[in-house]
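# A closer look at the structure
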Amino acid sequence: MPVGIFRVCLLVITAIVNHPLFFPKENGTVPENTEEIIQKMKEREESLRLEQLRLEQEIADQEATQKALEQAALVVEETKEEKVRWDMWTALSMVIFLLIELWRQDFQEGNWQDIGGEEDDMAVLGKAFKGVAFPNKAVLASFYEKRILGTTGDMARMREMVEGFADDLLEALRSVCNRDADMEVEDCMGVGSMYENWRVRKPFVCDLIVPFAPPEPYCFRCQTWCSGDSFPPDEQGYGTIKVCRADEDVTGCICDKTKLGEDMLCLLHSQVNTTRPSSEMEDLLCFKNTQYLDADQVMKWFQIAVTKAWNRISHKYEFDLSFSLLDSPGALKIKFRSGKSIAFNLTPVVQYENSDVYFISHFPWSSLATDVPSSTHWFLTFAVYERRFIHLVSKTLPANACHVSCLQILSFLHGKQCSLTGPSGLTNYHLKTVMLHLLQARPTQDWAPEKLETRLQDMLKFLEKCLHEKKLYHFFIGNGKVPAELGFPIVFQRAEPLNLFRPFVLRRDVYRKTVDTFHEMLRNMSALINEYTVHIPLAHTNGIRKESL
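This one's a predicted model, so the numbers in the text were calculated from it and none came from an experiment.

### Considering the pattern of salt bridges
Under the defined criterion, the tally for this structure stands at 17 salt bridges. Of the charged contacts in the structure, one is a salt bridge between Arg-174 and Glu-171, with a shortest N-O distance of 3.0 Å. Separated by three residues within a single helix, Arg-174 and Glu-171 lie in helix H6 (residues 155–176), roughly one turn from each other. A salt bridge links Asp-458 to Arg-442, with the shortest nitrogen-to-oxygen separation between them at 3.2 Å. Of this pair, Asp-458 sits in helix H14 (residues 452–469) while Arg-442 is found in the loop between helix H13 (428–441) and H14, placing the two residues 16 residues apart along the sequence.

### A word on the packing of H14 against helix H17 (residues 508–531)
It is at 11 Å that the axes of H14 and H17 come closest, and there the two elements cross at 160°. Our classification of the angle between H14 and H17 gives roughly antiparallel. Handedness of the crossing formed by H14 with H17: left-handed. The residues of H17 that touch H14, namely those facing Leu-460, Leu-463, Glu-464, Leu-467 and His-468, are Tyr-511, Thr-514, Phe-518, Met-521, Leu-522 and Met-525. Of the residues assigned to the contact of H14 with H17, the class counts are eight nonpolar, two polar and one charged.

### Some points on the nonpolar core
Membership of the largest hydrophobic core comes to 113 residues, with the highest contact counts inside it found for Leu-169, Leu-293, Phe-344 and Leu-346. Counting residues in hydrophobic clusters, the runner-up holds nine residues, among them Tyr-238, Val-349, Tyr-358 and Ala-383.

### Side note on the packing of helix H5 (residues 137–149) against helix H12 (residues 403–421)
Their axes nearest at 11 Å, the elements H5 and H12 cross at an angle of 75°. On the basis of their axis angle, the class for H5 and H12 is roughly perpendicular. When H5 is examined against H12, the residues Leu-140, Phe-143, Tyr-144, Arg-147 and Ile-148 are found in contact with a partner set consisting of Ser-405, Gln-408, Ile-409 and Phe-412.

Rules used throughout
- Residues numbered from 1 in each chain as written.
- Predicted model: local features only at pLDDT ≥ 70, side-chain atom pairs only at ≥ 80, totals over all residues.
- Heavy atoms only, no water.
- Salt bridge = Lys/Arg side-chain N within 4 Å of Asp/Glu carboxyl O.
- Helix = DSSP H or I, 4+ residues; strand = E, 2+ residues; numbered from the N terminus.
- Axes fitted to C-alpha atoms, helices over the stretch in contact; angles between N-to-C directions.
- Parallel < 35°, antiparallel > 145°, perpendicular 65-115°, else oblique.
- Left-handed = near helix turned anticlockwise from the far one by under 90°.
- Contact = heavy atoms within 4.5 Å.
- Nonpolar A, V, L, I, M, F, W, Y, C, P; charged D, E, K, R; others polar.
- Core = buried A, V, L, I, M, F, W, Y, C linked by side-chain atoms within 4.5 Å.
- Buried < 20%, exposed > 50% of the residue type's maximum accessible area, 1.4 Å probe, protein only.

Structure (structure tokens):
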């Protein structure tokens, strides 16, 4: 019972304490605190969301930066690889260039003009010789003795007569010229086939060159295509000649190379010294309004001077002198009262520095300078060195060597063929160049007189090879094996080889005509030689063939 009463009392007390109205203030603030907490929680949530957005942006920026760095590193790596590849290609290109340069030097030193004397070349060449009956030694010897030696015996007397008259004519020319204003003429020199003893075709014509120099205080300053400045391909082999005062420094000042303004003056050269009247330069045979020597003006002056000189000394001679060819200003002809005549060429030239290379206005004995770029371009002739080389080599050859005989026979055959079928692109100068190449390439014992037939075949096959390739190099230009005894200028030895057959590349009609004429000459060779050969018994010919075998 007491326990029950205690439980009832405890329940009543508990109900009173937990009644809502018993503590009205405390219970009334619950809703208000909940809203504040909810507001704070919302603010906290918003701040957390903004913080999350900020962190996400930072992470995105870091990822973008990382990607940019990775891409930059990749680009750098690729650049390094490309640079390595480029350096490798550059090194490879340099190696190839050096190999080409070494090959070119070797090419210039001896291999620059292939000599078709090897067996492999002989197998490839000689296609035009198939079916051609080549004359034997006996027929060639008989032909040479009857046709060549029988018609060239008077050359020595003719050379002596022409040289004596030319010296007298030039002495008279000096006396009629004004030494203070006209060009100074030096002694003449004989060049070409007449002075190298291989001229075979009549009429015999002596070629004489006459060096001349300007009056004081002027001098010639020569510039060639291989002097360093760039020349077009059609001007290779040519040069220009500038007329300057001897005390003028053409390389030390640029006032004559650049156009100064009208209000500007050169402090080193006054206007009086740098500008010359046009009439004064024309009196010095220069092209109009330039300082460059004009070949046409020189030839006109030379013709007038020769005419005046002849009028002074004509009373001493019992013959007439006249200019024989309009297209060759230096071609002269002596006409005797008996009707006979002697032709010779007297051509003015300009010496290149202190050498025996000369600038020549035109070539009377060949067609090398048919397409001159302009009258201020002068072709270079190496005729003096060619004559010296033949004379030098002849001293080392066997007695009665056949090199000149081969050239004479080849020149005769080509001339006869041209008289039948018309002119050809080949000239005697080309034929002589072939002989010079073979003279340098073959041992001296190969030019013994009994090897005339073999060497003539070599010259024909070498010429065929050059025609096939359209390539025949000048003997001296670019040839590093020129004998030192000749004193040949080193600047021309180091130059690029000059192709004498370049016109064949540009003019296919001339090339076709030349090749056809050459092949026709081969087919007619036996007939042309037999026409001038005494009859040789067949048994004797067969005996010679057996001995040679």
